Amino acid sequence: MEMQGEPRHAGMLAGFPAVAGSLDAAPEAPATAAEDFGHLISRRPLAVLRPGSAHDVAAAVRWAARHRMPLAARGQGHSVYGRAQVEGGLVVDMSSLGAVRAVEPDRVVVDAGATWQSVLDATLPHRLTPPVLTDYLGLSVGGTISAGGIGGMTFRRGFQSCNVIELEVVTGSGDLVTCSTMRHPELFDAVRAGLGQFGIITRAVLPLVPAPEQIRLHTLTYRDAPTMTADQRRLLTMDGIDYLEGAIRPHSSGWQHVIEVAVGLPGDGGVPAGLSDDQAQAESADMSYLDLFRRLSQLENQLRSTGAWRHPHPWLNSFLPDSTTDAVIVELLRTLDPLELGEYGRILVYPFLPAHARTPLLRLPEDDVAFLVNLVRFPKNDPSLANDLVEANRVVYDRVRAAGGRSYPVSAVALTQADWKDHFGPAWPAVLDAKDRFDPRHLLSPGQEMFPPR
Ligand SMILES: Cc1cc2nc3c(=O)[nH]c(=O)nc-3n(C[C@H](O)[C@H](O)[C@H](O)COP(=O)(O)OP(=O)(O)OC[C@H]3O[C@@H](n4cnc5c(N)ncnc54)[C@H](O)[C@@H]3O)c2cc1C
């Protein structure tokens with residue numbers, strides 16, 4: 001085994017099993033694992049394991065269980081509130097398990113540390129795609145399946161966690177288990193949207209569907225939020241649409257409200273008739289399917305060049321029921337200072353059908369239609385402002401809860417165990433049972449702050 005590190009850690013890591021990958025306790029690896037995209041929380045682990053196989057992950061978990069050492073998988077570290085961090089414990093850097101193993105006509109087999117970008121790079125030459133992609137392809141497969149994974153195809157196909165054929169998982173006891181709806185379904189239902197609490201996903205078998213080579217992206221502009229969401233509700237059930245999102249952006253004249261609708265080509269590529277947008281401002285652009293999902297990486301390149309990609313990101317993600325969405329958004333727009341979002345920030349707003357979700361631990365509003373409402377904040381680089389915005393997120397979180405909404409728990413909000421209990425509602429007893437069964441020592445992903453250590 002390759003092992004790098006400071007001698008003072010040697011004692012605590014004594015007896016660590018031989019692994020095909022490497023264990024790194026030298027200062028740089030723990031320092032990197034103590035940061036994430038949020039840059040709001042920093043907890044330093046003792047060491048970082050870069051597993052060479054799922055067996056390495058299982059051996060590390062068994063060792064950690066014997067030594068009562070907390071540990072967490074880190075996908076791509078795009079958490080915004082320290083959720084993949086472990087103070088004084090072990091971080092399992094899943095990026096070393098990032099291979100795409102096989103592309104078959106109806107499925108792809110991937111290591112869970114693979115990014116969605118590498119999955120798409122492997123499937124698109126076969127004109128195939130996973131059914132649902134996130135806006136940003138730099139996230140890991142294991143990371144988004146552990147959260148849910150929502151994007152512009154969710155309105156038709158549910159979440160990424162609902163589009164999984166089989167998973168290979170290392171439980172908190174160190175057992176390597178293959179699970180699906182047919183095999184060990186309790187584990188399959190616990191790890192999807194399980195926020196890393198019940199096991200580390202090491203491999204995934206995902207379905208594939210045909211991908212259009214080209215799409216036409218229509219950007220429709222609206223005078224206000226209620227007019228925009230009314231058209232999103234219409235588009236939600238219309239045939240022939242492949243992608244549906246929307247956003248409210250700071251603008252020199254106040255707020256700009258836009259819907260994005262993509263339609264696969266060939267075909268007429270048109271947008272359905274009878275919508276209420278300002279037709280003088282409507283724009284259309286043809287692009288490859290891949291370019292549709294590369295738009296956020298273009299923004300990433302721009303923000304990396306100015307350093308802003310590494311600034312604090314106090315993002316807030318939530319799901320609102322149809323019945324209260326408009327009122328909450330209108331109130332938000334009245335009270336929100338555009339500077340809290342920043343020049344590149346936005347409020348993402350788009351609808352989906354909760355009945356399409358087949359992930360028991362994903363907590364969604366009860367209406368037939370729900371809206372994702374996310375505060376995607378790129379404020380100026382000021383730690384004190386960032387802390388104020390985390391506090392402001394709590395106010396919005398409470399407002400969302402009061403309006404019958406749920407948190408999408410990839411947000412920069414401090415949560416107590418009481419908040420988690422409230423979040424899971426009737427599913428909380430199932431969460432407690434699964435924790436007792438699959439991670440009895442409460443060692444996995446402590447950064448979620450869902451369970452006190454045992
Ligand atoms: C720029 C950007 C764009 C985003 N766009 C979207 C979007 O369009 N749709 C959407 O749904 N979300 C989006 N997100 C949120 C994102 O899905 C979550 O933050 C997700 O957890 C990040 O994945 P990651 O691989 O970086 O995970 P990490 O941040 O590394 O980990 C997050 C949590 O998952 C656990 N985890 C990671 N890997 C595994 C594994 N293999 N097995 C078990 N647990 C694991 C970690 O322990 C931790 O608790 C976005 C985030 C960013 C920063």
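Residues numbered from 1 in each chain as written. Predicted model: local features only at pLDDT ≥ 70, side-chain atom pairs only at ≥ 80, totals over all residues. Heavy atoms only, no water.

On to empty space enclosed by the protein. Throughout the structure, instances matching the rule amount to four cavities of 30 Å³ or more. Roughly 50 Å³ of volume is contained in the largest cavity. Lining the largest cavity are Ala147, Ala193, Leu195, Phe319, Leu361, Leu362, Arg363, Ser407, Tyr408, Pro409, His423 and Phe424. For the lining of the largest cavity, a count of residues per class yields nine nonpolar, two polar and one charged. Two domains each donate at least three residues to the lining of the largest cavity, and these are domain 2 (100–210) and domain 3 (214–407). (1 Å grid on protein atoms, 1.4 Å probe; cavity = no way out; pocket = protein on both sides within 12 Å on 5 of 7 lines; lining within 4 Å. Points joined across faces, edges and corners; volume = space filled by probe spheres on them. Nonpolar A, V, L, I, M, F, W, Y, C, P; charged D, E, K, R; others polar. Domains from an automatic or database assignment.)

Another aspect to go through is the site of the ligand. Lining the immediate environment of the ligand, one finds 34 residues, of which Ala73, Gly75, Ser140, Ile150 and Tyr408 sit closest. The separation between an oxygen atom of the ligand and a polar main-chain atom of Gly77 is 3.0 Å. Between Ser445 and the ligand, the recorded distance is 2.8 Å, taken from a side-chain N or O atom to an oxygen atom. The protein chains hide 95% of the 960 Å² of surface that the ligand would expose on its own. Within the residue set of the shell around the ligand, elements represented by two or more residues are strand E4 (71–74), helix H5 (141–147) and strand E11 (199–207). At four residues, H5 tops the list of elements feeding residues into the shell around the ligand. Residues that form the shell around the ligand fall into these classes: 15 nonpolar, 16 polar and three charged. Residue-level mapping places the shell around the ligand at the junction of two domains, with at least three residues from each of domain 1 (2–95) and domain 2 (100–210). (Near = heavy atom within 4 Å. Polar contact = N/O pair within 3.5 Å; in protein donor to acceptor, adjacent residues only side chain to side chain. Areas by Shrake-Rupley, 256 points an atom, 1.4 Å probe, with all protein chains shown as cover. Helix = DSSP H or I, 4+ residues; strand = E, 2+ residues; numbered from the N terminus.)

Split by domain assignment, the protein resolves into domain 1 (2–95), domain 2 (100–210) and domain 3 (214–407). Using only C-alpha atoms to locate each centre, domain 1 and domain 2 end up separated by 23 Å. Contacts between the two partners involve 14 residues from domain 1 and, on the opposite side, 17 residues from domain 2. Between domain 1 and domain 2, a total of about 1100 Å² is buried, with carbon and sulfur atoms accounting for 74% of that surface. In this structure, the connection of domain 1 to domain 2 is made through one residue pair in polar contact (both at pLDDT 80 or more). By residue class, the composition of the side of domain 1 that touches domain 2 is eight nonpolar, five polar and one charged. (Contact = heavy atoms within 4.5 Å. Buried area = accessible area lost by both parts, 1.4 Å probe.)

Another point: the packing of helix H8 (residues 225–236) against helix H10 (residues 322–335). The interhelical angle for the contact between H8 and H10, taken along N-to-C directions, is 150°, at an axis separation of 10 Å. Of the possible angle classes, the one that applies to H8 and H10 is roughly antiparallel. The two elements H8 and H10 cross, and the hand of that crossing is right-handed. Counted together, Ala225, Pro226, Thr229 and Arg233 of H8 and Asp322, Asp326, Ile329, Val330 and Leu333 of H10 form the full contact between these two elements. Of the residues belonging to the contact of H8 with H10, the class tally is five nonpolar, one polar and three charged. (Axes fitted to C-alpha atoms, helices over the stretch in contact; angles between N-to-C directions. Parallel < 35°, antiparallel > 145°, perpendicular 65-115°, else oblique. Left-handed = near helix turned anticlockwise from the far one by under 90°.)

The subject of this paragraph is the state of the cysteines. This model, assessed by the stated rule, comprises zero disulfides. Lacking any disulfide linkage, Cys162 is separated from the closest cysteine sulfur, that of Cys179, by 15 Å. What makes Cys162 buried here is its relative accessible area of 8%. (Disulfide = S-S within 2.5 Å. Buried < 20%, exposed > 50% of the residue type's maximum accessible area, 1.4 Å probe, protein only.)

What follows is about the packing of aromatic side chains. Scanning the model with the defined rule gives 14 aromatic pairs in all. Ring centres 5.1 Å apart and planes at 75° place the aromatic pair Phe37 and Trp315 in the edge-to-face group. Residue Phe37 is found in the loop between helix H2 (28–33) and strand E3 (47–50), and its partner Trp315 is found in the loop between helix H9 (289–306) and strand E17 (316–321); the two are separated by 278 residues along the sequence. Across the pair, Trp315 and Phe37 agree in class, each one buried. (Phe/Tyr/Trp six-rings, centres within 6.5 Å; stacked < 30°, edge-to-face > 60°.)

Strand order in the open sheet formed by eight strands is E16-E13-E15-E14-E18-E19-E17-E20, with antiparallel pairing between adjacent strands. Pairing within the sheet leaves two strands with one partner each, and these edge strands are strand E16 (283–288) and strand E20 (406–407). Strand direction decides the pairing type here: strand E13 (residues 214–222) and strand E15 (residues 254–265), joined by nine bridges, are antiparallel. The residue of E15 that forms the bridge with His218 is Val261. Most of the contacts of H10 go to E17, to which it runs at about 135°, and overall it touches strand E14 (243–251), E15, E17, strand E18 (346–352) and strand E19 (370–376). (Pairing = 2+ DSSP bridges.)

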